[in-house]
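Residue strings, one per chain:
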Amino acid sequence: QVQLVESGGGLVQAGGSLRLSCAASGRTFSSNVMGWFRQAPGKEREFVAAVTGGGSTNYADSVKGRFTISRDNAKNTVYLQMNSLKPEDTAVYYCAVRSGTFSYILSSDRRMYDYWGRGTQVTVSS
């Protein structure tokens, strides 16, 4: 049974930093794209960043230059380093993993991800 467990969320002032982690268990995802999405109250879940097994990445325009996604395949874990945080970054952050035939291809479409964590709250105060 696959499980994704996020950690590292919390309350931070604007301009601060947080590092999120997502540990996967039940299956090895070294070749699968792993990603981060977020959902603010009253809004749809949106793409934040994704990384391939080889380390290629893509980011939402709103976080480029501030967030960095990385992974440790030996630990089956993906990270999201968030710097220069803004109040508009406040949301529940979810990690997700692609599976299936095209699991190695980057995607910003949440429908392309098959496994999801339960999320971790990030709150940025002004």
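About the criteria used
- Residues numbered from 1 in each chain as written.
- Predicted model: local features only at pLDDT ≥ 70, side-chain atom pairs only at ≥ 80, totals over all residues.
- Heavy atoms only, no water.
- Helix = DSSP H or I, 4+ residues; strand = E, 2+ residues; numbered from the N terminus.
- Salt bridge = Lys/Arg side-chain N within 4 Å of Asp/Glu carboxyl O.
- Buried < 20%, exposed > 50% of the residue type's maximum accessible area, 1.4 Å probe, protein only.

Residue position: S108 is located in the loop between strand 9 (91–97) and strand 10 (115–116). Distance in space between the C-alpha atoms of S108 and G35 is 8.3 Å, their sequence separation being 73 residues.

Moving on, we get to the pattern of salt bridges. Following the criterion strictly, the structure yields six salt bridges and no others. A salt bridge links D89 to R38, with the shortest nitrogen-to-oxygen separation between them at 2.9 Å. Residue D89 is located in the loop between strand 8 (77–82) and strand 9, and its partner R38 is located in strand 4 (residues 34–39); the two are separated by 51 residues in the primary sequence. Classification of D89 by relative accessible area gives buried; the value is 1%. We note a salt bridge from E44 to R110, for which the minimum N-O separation is 3.9 Å. Of the two residues, E44 is situated in the loop between strand 4 and strand 5 (46–51) and R110 in the loop between strand 9 and strand 10; the sequence distance between them amounts to 66 residues. A residue is classified by how much of its surface remains accessible, and R110, at 35% relative accessible area, is partly exposed.

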